[in-house]
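Coordinate inspection notes
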Amino acid sequence: MSAIMKKAWGYRYWVLVILWLVYIINYFDRMAVLTFLPFIQKDLHLSPVEVGQLASVFFFAYAAAQISAGFLADKIGSKRVMYIAITVFTFVTAVTGMVKNFGQFIALRIGLGLGEGHHFAPAIRAINNWFPFKERGRAVSFFATSWAVAPAIVPVIVTSISIYFFGGAWRPVFYVLAIPGALGIFLLWRFVADSPKEMIEKGKLSKDQDIEEANVAPKKLLKEEKRKAYGVFLKDVNFYVFTLCLFCQLAVYWGTSTWLTSFLVTQHGLNIKEMGFFASAPYIVAFFAMMLGGWLMDNVVHRMKPVALIGYIGSIPVLWMLGSVEKGNTGLLLTLLLLVGFFVNLNFGSIYAYLPKRYPKEIVGSATGLANGIGQLGSFISPLIAGYLVTVGANGTQNFSRVFIFFAIVSAVAALCSIILKEKKVTKDSSNTIDNAKSVS
C-alpha cells in the first residue's frame, strides 16, 4: 500500500472505489435476472402477468429493506450490514440457477430484494463517515454512477458467459456470479472500515490534520425541535409533488429495465447475443446523461425544473415510438433505445439534489428517506402494471406497444409535476413554516 493510501485522507478514495465496485456486484445479480428473463419465462412457462409479479415482488422487498438497513447500519455498523447483504444476495443469486417453478422464483426474488435492499443505506453511511461535508456530494455522485455503469456492462458480460462457456444456457451463469460476490466480501474485509477513526485506532492508518472533520457527529435535535423541523417539509405541498415526480421517475426507469430484454427477444426476435448488445445501449448513454444533467443544474440553469422538463418531455415521444417499431428495423430500434437512455436518465442526478437545495440540512436526511421510500413504490407498481398490458397473440407472440405507451404517460405525469414544483429554499422557522411552504416560488 502506497504512502498516500496510508494517509486517512487519501485512503478515503480507495474506500470509495471499493464501495463503488461492490455496488456494481450488487447490480450484477439483479440485472442478470432481468437480462435472462425472456429465457427464464420460456423455460418455466410463465405468463407476462407472472413475470410482472416476479419483478414487482423484488422491489417490494427492496423498498421494505431500506427501512431496516439504515437502522442496522446505525446499530451495528455499515460494514457488518454490507457483509450480511452481500452474503445473502450472493447466495440467492447462485441458488437462482436451480429454480424450477414460479413459487420458488417468488421466494428467491424476495430474498434477493431483502439482501440487496440492505446494501445502499450502509454504503452511503460509510461514504459520509469517510468524506468531509464539502466532498460528500461529489463522492455520492461518483458512487451513483454505478447505477449506469452496471446496467451497461452486465447484459453484455452475462450473455457472453452464457454463449461462450455454456452454449447459451442461463442457469450456469448464476453459479458463476457467486465469484464476484465472494470477491466483494474479501474487498470489504480487507480494505474497508466503518470510519477512518476505527482504522487509525487499529494502527492501520496514520492520522492527518483534517481527520476529525469526518468523525464529528451531526447535531442532534431535541424532540420538540424535531417536530418543528419535520413540519417544514411535511407541511410543504411541494414535498409531495416532488415525491410523486420521483415515483414516476423510478417507475419509468425500472419499468423499462425490467421489460426491455423480453421486449427485444419476444417482439423483435433478437437472439441472446444481439439482445445483450441492444439491452446495454440505453445505459451506456445513461452514464453521460446523468453527468450532463448534474452539470446543467450546477453550472447552467441552477435549478432542477429545466433539466427535469427536458428529460420528461423528451421521454414521452421516444417511449411511445419505441413500442411500435416494426420487427427487423434494428436501426430505428437502436436509435430510440439510445434516446430513451438519454432522456429517462437526464434528471437522475439532479432530482436527488432537489431536497438538499430546498430544505435545511438538519432535516434533509428525513425528507430524503421518506420521499425515496414512497418513490420506490413506483419501482414496485410499474413492472406489475406492465405485465397486464403485454398483448399475447394466439401463436404466443407478445406485443409491448401498450406497455411503452403506459411509460410515456407516466413520463407526462412527471413533467406536469415538474411544472408545478417550486424550488426556492424553505427555512425551518416554525412560525413561518406554512407560509414559506405555500409562498415559495
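Heads up: the structure comes first, above all this text.
Residues numbered from 1 in each chain as written. Predicted model: local features only at pLDDT ≥ 70, side-chain atom pairs only at ≥ 80, totals over all residues. Heavy atoms only, no water.

1. Some thoughts on the side chain of Ser257
The following threshold applies: Numbering of helices and strands runs from the N terminus; a helix is a DSSP stretch of H or I covering at least four residues, while a strand is a stretch of E covering at least two. Here a polar contact means two N or O atoms within 3.5 Å. Within protein one must be a hydrogen donor candidate and the other an acceptor candidate, and residues neighboring in sequence count only if both atoms are side-chain atoms. In what follows, residue pairs with any heavy atoms lying within 4.5 Å of each other are defined as contacts.
If you trace the backbone, Ser257 turns up in helix H14 (residues 237-267). Polar contacts involving the side chain of Ser257 include one to the side chain of Tyr283, which spans 2.6 Å. Each residue touching Ser257, except ones within four places of it in the same chain, is listed here: Leu34 and Tyr283.

2. Describing a nonpolar patch on the surface
For the record, the criterion: Patch membership requires over 30% relative accessible area and the absence of a salt bridge. Like charges are linked within 9 Å, and nonpolar side chains (Val, Leu, Ile, Met, Phe, Trp, Tyr) within 5 Å. Every accessible area reported is derived by Shrake-Rupley at a probe size of 1.4 Å, with residue values counting cover from the shown protein chains alone. Think of a salt bridge as a Lys or Arg side-chain nitrogen and an Asp or Glu carboxyl oxygen that are within 4 Å of each other. Buried residues are those whose accessible area, probed at 1.4 Å on protein chains only, stays under 20% of the maximum for their type, while exposed residues exceed 50% and partly exposed ones sit between those limits.
A surface patch of nonpolar side chains, amounting to about 520 Å² of accessible area, comprises Leu234, Tyr240, Leu370, Ile374, Leu377, Ile381 and Ile385. At the level of elements, helix H20 (361-375) and helix H21 (377-389) are the ones that each hand at least two residues to the nonpolar patch. The dominant element in the nonpolar patch, judged by the number of residues it contributes, is H21, at three residues. The partly exposed category is assigned to Tyr240, whose relative accessible area is 41%.

3. Considering the side chain of Thr261
Mapped onto the fold, Thr261 is located in helix H14. One polar contact links the side chain of Thr261 to the main-chain carbonyl oxygen of Leu34, over a distance of 2.5 Å. Discounting chain neighbours no more than four positions away, the residues touching Thr261 are Leu34, Thr35, Leu37, Pro38, Met275 and Ala279.

4. Here's the deal with the pattern of salt bridges
One pass over the structure, following the stated rule, counts one salt bridge. A salt bridge links Glu116 to Arg30, with the nearest nitrogen and oxygen atoms 2.9 Å apart. Of this pair, Glu116 sits in helix H6 (residues 102-117) while Arg30 sits in helix H2 (residues 8-35); the two residues are 86 residues apart in sequence, bridging distant segments of the chain. What makes Glu116 buried here is its relative accessible area of 0%. On the basis of relative accessible area, Arg30 is assigned to the buried category, the value being 3%.

5. Let's talk about unusual backbone geometry
Positioned with a positive phi, His45 is a non-glycine residue whose angle comes to about 55 degrees. One can find His45 in the loop between helix H3 (37-44) and helix H4 (48-76). Note on His45: relative accessible area 71%, which makes it exposed.

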